[in-house]
Amino acid sequence: MKELKEKIRVKTVFTLIELLVVIAIIAILAGMLMPALKAAREKGRAISCTGNLKQISSANLSYTSEYDGYLVPYRAVNYTGTGMGNYWWGDKSDDGVNFKKNLALGDYISNCGEVFICPNVRHLVGNVTNADEKGGYGYNAYWLGYSGFFPKISQVKSPSNTITFGDAAREISDDISYTAIIYPQERPNGSAGYVSFHFRHAHQANIAWVDGHVESYNALFLGDQEVEKKYSIGDISSDNSVYSIYE
């Protein structure tokens, strides 16, 4: 009987060691897989973002076909000429942003409420309703449709080298906000602008061009502010050529 108990005790100890080894192996594998899973989720959001921008770009081209070649305006100008009114991405009102109401491009996009919100912005801020959280896609508005400056697509000298939309943000104190406009280094009226591409997809930004194609880019340089460096807000060009339709 004593010999049998000894065998049982030895077997029990051996089984516990095996269990600990298995747990350790599982923990190691989980540690190895977590970064890969995180990268896969990020890649999925980046791909979805690219799809959004392609739909927005296609909608803009459809808009030009229906409106005598004019690119979509950044925002409508009311009868007083003050520049108030609905933005290209949706309705801006005192109670926040309604991405499903009065969109200039909404008639050309199904499920337009989600298309105008970058998946990474949704991931970072959750429910995108605040007026300062505009979905994360900026428009090259100062050259392609700002108040009083509405060009036709035929005026764009190089459609494949002129930006229309892209991942965007701007610095606010020690934080960032999401924006519906991309500011060039110099605006058409000569006043200073500031860069606002947001490289939020594994240090890449998705950018759409007038001809409708979408590509992903690294930052050529980040902004001067510490917030811009911290949150990867910058530009892909050292000059104004990617903004101006005439260069």
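Refer to the structure above for everything that follows.
Residues numbered from 1 in each chain as written. Predicted model: local features only at pLDDT ≥ 70, side-chain atom pairs only at ≥ 80, totals over all residues. Heavy atoms only, no water.

**Q** Explain the layout of surface pockets here, please?
**A** Empty space among the atoms becomes apparent when a probe as large as a water molecule is rolled across them. Considering only enclosed or pocket space, the largest pocket measures out at about 240 Å³ in volume. Together, 15 residues line the largest pocket, and N120, L124, H198, F199 and R200 are the ones closest to its centre. Sorting the residues of the lining of the largest pocket by element identifies α1 (2-66) and α3 (119-125) as the ones contributing at least two each. Of the residues forming the lining of the largest pocket, the biggest block, three residues, is contributed by α3. (1 Å grid on protein atoms, 1.4 Å probe; cavity = no way out; pocket = protein on both sides within 12 Å on 5 of 7 lines; lining within 4 Å. Points joined across faces, edges and corners; volume = space filled by probe spheres on them. Helix = DSSP H or I, 4+ residues; strand = E, 2+ residues; numbered from the N terminus.)

**Q** How should the sheet that holds strand β3 (residues 137-139) be read in this particular structure?
**A** Pairing is antiparallel in the open sheet, where four strands are placed in the order β3-β4-β8-β9. Strand pairing shows two members of the sheet lacking a second neighbour, β3 and β9 (214-217), which therefore form its edges. Sheet twist, expressed as the mean angle between neighbouring strand axes with direction ignored, is 25°. With three bridges joining them, β3 and strand β4 (residues 163-167) adopt antiparallel strand pairing. In the sheet register, G138 faces β4, and the bridge partner there is G166. (Pairing = 2+ DSSP bridges. Axes fitted to C-alpha atoms, helices over the stretch in contact; angles between N-to-C directions.)

**Q** Quick question: what am I supposed to make of the pattern of salt bridges here?
**A** Two side chains carrying opposite charge are able to pair once their charged atoms lie near each other. The tally for this structure, following the rule as stated, stands at four salt bridges. In this structure, R200 engages D167 in a salt bridge whose closest nitrogen and oxygen atoms are separated by 3.0 Å. Taken together, the residues R200 in the loop between β7 (197-198) and β8 (205-209) and D167 in strand β4 connect sequence positions 33 residues apart. Note that E226 is salt-bridged to K229, the shortest N-O span being 3.9 Å. With E226 and K229 both in helix α5 (residues 226-230) and three residues apart, the pair spans about one turn of that helix. By relative accessible area, which is 59% here, E226 ends up exposed. (Salt bridge = Lys/Arg side-chain N within 4 Å of Asp/Glu carboxyl O. Buried < 20%, exposed > 50% of the residue type's maximum accessible area, 1.4 Å probe, protein only.)

**Q** Looking at this structure, how should I read the packing of aromatic side chains?
**A** Two aromatic rings, taken as a pair, are described by how far apart their centres are and by the angle between their planes. As enumerated under the stated definition, the model contains five aromatic pairs in all. Geometrically, the ring pair formed by Y139 and F165 is stacked, given 4.8 Å between the ring centres and 20° between the ring planes. With Y139 in strand β3 and F165 in strand β4, this residue pair connects regions lying 26 residues apart in the sequence. Owing to a relative accessible area of 0%, Y139 belongs among the buried residues under this scheme. On the numbers, 6.5 Å between centres and 20° between planes, the contact of F197 with Y243 is stacked. (Phe/Tyr/Trp six-rings, centres within 6.5 Å; stacked < 30°, edge-to-face > 60°.)

**Q** I tried to follow the pairing of β4 on my own but got confused; where do I start?
**A** Here is the key point about a regular strand: its side chains alternate between the two faces of the sheet. Extensive coverage of β4 is indicated by the burial of five of its five residues. Looking at chain direction, β4 and β8 are connected through three bridges and run antiparallel. For F165, the partnering residue across the bridge sits in β8 and is A208.

**Q** Quick question: what am I supposed to make of the pairing of β9 here?
**A** Sheet topology places β8 next to β9; four bridges connect them, and they run antiparallel. Counterpart to A208 in the pairing with β9 is V214. What sits between β8 and β9 in their antiparallel hairpin is a turn of four residues, with G212 showing a positive phi close to 105°.

That's the geometry; what it means functionally is another story.
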